[in-house]
Amino acid sequence: MGKILRILLVIVLFIIFFEIGLFSSYTIVTAEVPDVKGLIDMQVGQITGFFSPQHVNQVLIKDPTPINFTNHKDVALKMEELSNVDGVNVDSMNATTYDDTKNDKMNLTIEALGYAAPNSTSGQIVISQDPSYKVIVSAVGSYKSGELVVDTSTIKVDSVLKLF
């Protein structure tokens, strides 16, 4: 029984020191008094989100399903606008989902290669055909007239990766 109490005491002390460190670092970084309830709610939300059934299903499903959609040009223009790149290659665009493809609406992850502005060197414009970025966005797609259409108002940029 004494061994179990020592283990519980160590766990409780670890949690207390972690919380004290979190609150003190928050105070140092923001120069404000920490919102204790807000920070604890954020931690609980992150932990419960990690163990949610949807997250567990995403871990158990290894490969996303490739999806074909019809409005490539509209999606490319919206990706270009939101990610601040100078162009998005429609031919390199691919969409995948972890959702069931039989649903009317599904969450999609769309990846495409993006291009930077042409480089100007000593008065000459050098246009490179090599992509400079990989743009990854998430959006919601739905079936209309039997074809999958991405709702461009739901597009959110997940990341813009610089290619070297």
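Use the structure listed above.
About the cut-offs
Counting from 1, residues in each chain are numbered in the order their sequence is written. Restriction of local features to residues with pLDDT of at least 70 applies here, the model being predicted, together with a cutoff of 80 or more for giving and counting side-chain atom pairs; totals for whole chains, interfaces and linings are based on all residues. To get the side-chain values, all heavy atoms of the structure are used, and hydrogens and water are removed first. In what follows, salt bridge is the name for a side-chain nitrogen of Lys or Arg lying within 4 Å of a carboxyl oxygen of Asp or Glu. A run of DSSP states H or I qualifies as a helix once it reaches four residues; a run of E qualifies as a strand once it reaches two. Both are numbered from the N-terminal end. The classification of residues rests on relative accessible area computed with a 1.4 Å probe and restricted to protein chains. Under 20% of the type maximum is buried, over 50% is exposed, and intermediate values are partly exposed. Whether two residues touch is decided by their heavy atoms; if any such pair falls within 4.5 Å, the residues are in contact. Only the contacting stretch of a helix is used when fitting its axis, a line to C-alpha atoms as for every element, and angles between N-to-C directions run 0 to 180 degrees. When describing relative orientation, an angle under 35 degrees is termed roughly parallel and one over 145 degrees roughly antiparallel, while 65 to 115 degrees is termed roughly perpendicular and anything else oblique. The crossing is said to be left-handed when, going from far helix to near helix, the turn is anticlockwise and less than a right angle, and right-handed when the turn is clockwise. Just so you know the grouping, Ala, Val, Leu, Ile, Met, Phe, Trp, Tyr, Cys and Pro go in nonpolar, Asp, Glu, Lys and Arg go in charged, and all remaining residues, Gly too, go in polar. Two strands are said to pair when DSSP picks up at least two bridges between them. What a helix should span is 1.5 Å times the count of its residues minus one. Each direction from the helix axis to a C-beta atom contributes to the arc, which is the arc of those directions.

Novice: Would you take a moment to explain the pattern of salt bridges for this structure?
Specialist: Where side chains of opposite charge bring their charged atoms close, a pairing between them can arise. The tally for this structure, following the rule as stated, stands at 2 salt bridges. Put simply, Asp-41 and Lys-37 hold a salt bridge, and the shortest N to O gap is 2.8 Å. Taken together, the positions of Asp-41 and Lys-37, both in helix H2 (residues 36-50) and 4 residues apart, correspond to about one turn of that helix. Here Lys-37 falls in the exposed class, since its relative accessible area comes to 60%. Two residues, Glu-111 and Lys-134, come together in a salt bridge whose shortest N-O distance is 3.4 Å. Taken as a pair, Glu-111 in strand E4 (residues 105-115) and Lys-134 in strand E7 (residues 133-144) lie far apart in primary sequence, 23 residues in all. When its relative accessible area of 27% is taken as the criterion, Glu-111 is described as partly exposed.

Novice: Would you mind showing me how to read the side chain of Gln-43 here?
Specialist: Counting through the fold element by element, Gln-43 comes out in helix H2. Beyond its immediate stretch of four places on either side in the chain, Gln-43 contacts Phe-18, Glu-19 and Leu-22.

Novice: Can you walk me through the side chain of Ser-142 in this structure?
Specialist: The residue Ser-142 is located in strand E7 in this model. Looking at Ser-142, the relative accessible area reads 14%, which means it is buried. Once residues within four sequence positions are removed from consideration, Ser-142 is found in contact with Asp-104, Lys-105, Glu-147, Leu-148 and Val-149.

Novice: How should I be thinking about unusual backbone geometry in this particular structure?
Specialist: A negative phi angle is the norm for most residues apart from glycine, just as the trans form is the norm for most peptide bonds. If you check the backbone angles, Ala-31 has positive phi at about 60° while not being a glycine. In this structure Ala-31 comes out as exposed when scored by relative accessible area, which is 68%. Look at Asn-84: it is not a glycine, yet its phi comes out positive at around 60°. Along the chain, the position of Asn-84 falls in the loop between helix H4 (72-83) and strand E2 (87-88). A relative accessible area of 67% places Asn-84 in the exposed class.

Novice: I keep staring at the packing of helix H1 (residues 2-30) against H2 and nothing clicks. Help me out?
Specialist: The packing of two helices is summarised by the inter-axis angle and the distance between the axes. Relative orientation of the contacting elements H1 and H2 amounts to 120°, with a least axis distance of 11 Å. Put simply, H1 runs oblique to H2. The crossing of H1 and H2 is right-handed. In this structure, H1 uses Phe-18, Glu-19, Leu-22, Phe-23 and Tyr-26 to contact H2, whose residues at the interface are Val-36, Leu-39, Ile-40 and Gln-43. Partitioning the contact of H1 with H2 into residue classes produces 7 nonpolar, 1 polar and 1 charged.

Novice: Can you help me understand the pairing of strand E8 (residues 147-162) in this one?
Specialist: Across a regular strand the side chains alternate sides, sitting on one face of the sheet and then on the other. Here 11 bridges tie E7 to E8, and the two strands are oriented antiparallel to one another. Looking at E8, one finds that Tyr-133 is bridged to Lys-162. Here E7 folds back onto E8 in antiparallel fashion, the turn holding 2 residues, of which Ser-145 has a positive phi close to 55°.

Novice: Could you clarify how one ought to interpret H4 in this entry?
Specialist: Since there are 3.6 residues in each turn of an α-helix, residues three or four apart along the chain are aligned in direction. For H4, built from 12 residues, the straight-helix expectation of 16 Å at 1.5 Å per residue is met to within 8% by its first-to-last C-alpha distance of 16 Å. Those residues of H4 lying buried are Val-75, Ala-76, Met-79 and Ser-83. With its buried residues spanning 100° around the axis, H4 presents them on a single face. When the buried face of H4 is taken as reference, the exposed residues oriented beyond 90 degrees from it are Lys-73, Leu-77 and Glu-81. Against the buried residues of H4 lie E2, E4, E7 and E8. One or two steps after H4, the chain reaches Asn-84, where phi turns positive at roughly 60°.

Interpretation in functional terms is not warranted from these geometric data alone.
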